[in-house]
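Architecture and fold: a report
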Amino acid sequence: MTVKDSDQKGSPQACLFVAHVSTDTTEDSLREHFSPYGDILSIKTLKDRASRPYAFVQFSEVEDAEDALEKANGSFLENRKLRVEKARVNRTLFIAKLSKKTSNNDVREMAEEFGEVESVSIIKNHQTNMSKGCGFVKFVHREDAQDAFVELKAKQKNLVVEWATSTNDPDLLGVDKCNIFVGGLNPQLIGEEILAEKFGAHGEIESSTLVNRFANDEEDIKGTQRSAFAFIRYKEESAASSAIENENGIDWLDRRIRVQYCESQEMKNKRRANKYYQSYQGNSNMYYPSAIPNQPMMMMGVPWTPYGAPMYPGAGMETIPSYPYMMYPPWGYGRPEGEYVYEPSVEMEGEAMNFPYPNMAGPVAW
């Protein structure tokens, strides 16, 4: 791997993933190919386990990256048709073995020594509101996250510091990052105005829906505490992140409320497809039109792979690289050394998603 670094930090939204690169392609030829679209801060070239090259191109400006994405995708370089997509730049660290008394502000203060922090999320027990001793720190820039990763692992031996992965990072768990769920609201005291006043402090609200079926019911009917809930959509992702960071688990209107991201529509569709898929498994009477043994089912001309089903050689189809993520390369591409993944469970409740403490049985290397 060869890297050309720049002192200037590039925006994650200005980073492109380039696949189908020739083995003869150099960084200089990539720079020459993409430089007409704008100033390039850095280029990283890597190879997967099968020695297939791919690259990340970091532009200085988001507009230039978008122009390159539109015009360079499908272009030819050294007789190879390039596939160009937006890269997902990993800027999030997972930190465990924190003190149960550590707050979001404590973690933010520790992380800001390395650069600007976008968000901090301490994972809590929803019943007790006690910290589980772990959380996520998302930096504005990848370079700052790298510095924090190296320094914290070297100097904070009491902490577990790893890169967040596609299985434990809220950014990649199929959430709508502008839309939040607010649960546990007091049905006798909550109203549209007080809800808007409370959560409008974090940013401009695009829309909100309050669901309160028990406004006129007596408290604790048959020993069950009734609750209302709401969905709030912000215009900016940062507002939703701020609301979750500051309001989740607090006591408000005599109730402990729960604030978290909503599940995205795409994830809902995948989950429903998987539900139906699971219900059909083992049913020998099911008829699959045009089904061929050891071949994938086809839906609208493409292989049907329900959420949770593996895509790998030997499963009846060739591996199709997924959406690229910086330092989470598409399936089949090599994983950088020194990063590990955990395998946490993911709970789902209604429209909302939780991010429980990851399984700490041990790290699994890339």
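Since the model is a prediction, treat every value here as computed from it, not as a measurement.

1. Here we look at the pairing of strand β2 (residues 15-19)
Within β2, 5 of the 5 residues are buried, which leaves the element mostly enclosed by the surrounding structure. Because side chains alternate across β2, one face comprises the buried residues C15, F17 and A19, and the other comprises L16 and V18, equally buried. As paired strands, β2 and strand β4 (residues 53-59) are joined by 4 bridges and run antiparallel to one another. Residue pairing across strands places C15 opposite Q58, the latter belonging to β4.

2. Quick notes on unusual backbone geometry
A positive phi angle, near 65°, is found at N79, a position not held by glycine. With respect to the helices and strands, the residue N79 is situated in the loop between β5 (76-77) and β6 (80-81). Of note, the phi angle at K97 is positive, near 65°, even though the residue is not glycine. Following the sequence through the fold, K97 ends up in the loop between β9 (92-96) and α3 (104-111).

3. Let's talk about the nonpolar core
Counting residues in hydrophobic clusters, the biggest one holds 20 residues, and the most contacted among them are I180, V182, L185, L195, F199 and Y234. For this core, the secondary-structure elements that each account for two or more residues are β13 (175-185), α5 (192-199), β15 (228-234), α6 (237-247) and β18 (258-263). Look past the residues within four positions of I180 in its chain and what remains in contact with it is F199, A230, F231, I232, Y234, A240, A243, I244, V259, Q260, Y261 and C262. Membership of the second largest hydrophobic core comes to 19 residues, among which are L98, V120, I122 and V161.

4. What about the sheet that holds strand β12 (residues 160-163)?
Ordered by their spatial adjacency, 4 strands build an open sheet running β10-β11-β9-β12, and the pairing between neighbours is antiparallel. One side of each edge strand has no neighbouring strand; the edge strands of this open sheet are β10 (117-124) and β12. On average, each strand axis in the sheet is tilted by 20° relative to the strand beside it, whichever way the strands run. Here 6 bridges tie β10 to strand β11 (residues 131-139), and the two strands are oriented antiparallel to one another. Note that in β11 the partner of S119 across the bridge is K138. Where helix α4 (residues 142-155) meets the sheet, it contacts β9, β11 and β12, and its direction lies at approximately 150° from that of β12.

5. Focus on the packing of aromatic side chains
All told, the structure shown has 9 aromatic pairs when counted by the stated rule. Consider the rings of F17 and F56, whose centres lie 5.7 Å apart with planes at 55°: the pair is tilted. Of this pair, F17 sits in strand β2 while F56 sits in strand β4, and the two are 39 residues apart along the sequence. With a relative accessible area of 3%, F56 lands in the buried category. Taking 6.1 Å as the distance between ring centres and 80° as the angle between the ring planes, the aromatic pair formed by F199 and W252 counts as edge-to-face.

Conventions and cut-offs
The numbers attached to residues start from 1 for each chain and follow its sequence in the written order. The model is predicted, so local features are restricted to residues of pLDDT at least 70 and side-chain atom pairs to those at 80 or more, both for listing and for counting; the totals for chains, interfaces and linings are taken over all residues. As a rule here, side-chain values cover all heavy atoms of the structure and leave hydrogens and water aside. For each residue, the accessible area found with a 1.4 Å probe, counting protein chains only, is set against the maximum for its type, and the residue is called buried under 20%, exposed over 50%, and partly exposed in between. Runs of H or I in DSSP of at least four residues are treated as helices and runs of E of at least two as strands, each being numbered from the N terminus. Two strands qualify as a pair provided that DSSP identifies no fewer than 2 bridges between them. Nine residue types can take part in a nonpolar core, namely buried Ala, Val, Leu, Ile, Met, Phe, Trp, Tyr and Cys, and a core is a set of them joined through side-chain atoms within 4.5 Å. Residues are treated as being in contact if the distance between any of their heavy atoms lies within 4.5 Å. Where helices are involved, their axes are fitted lines through C-alpha atoms of the stretch in contact, as for all axes, and angles between N-to-C directions lie from 0 to 180°. Pairing of aromatic side chains here covers Phe, Tyr and the six-membered ring of Trp, requires ring centres within 6.5 Å, and sorts the geometry by plane angle: under 30 degrees stacked, over 60 edge-to-face, intermediate tilted.

What is shown is where atoms sit, not what they do.
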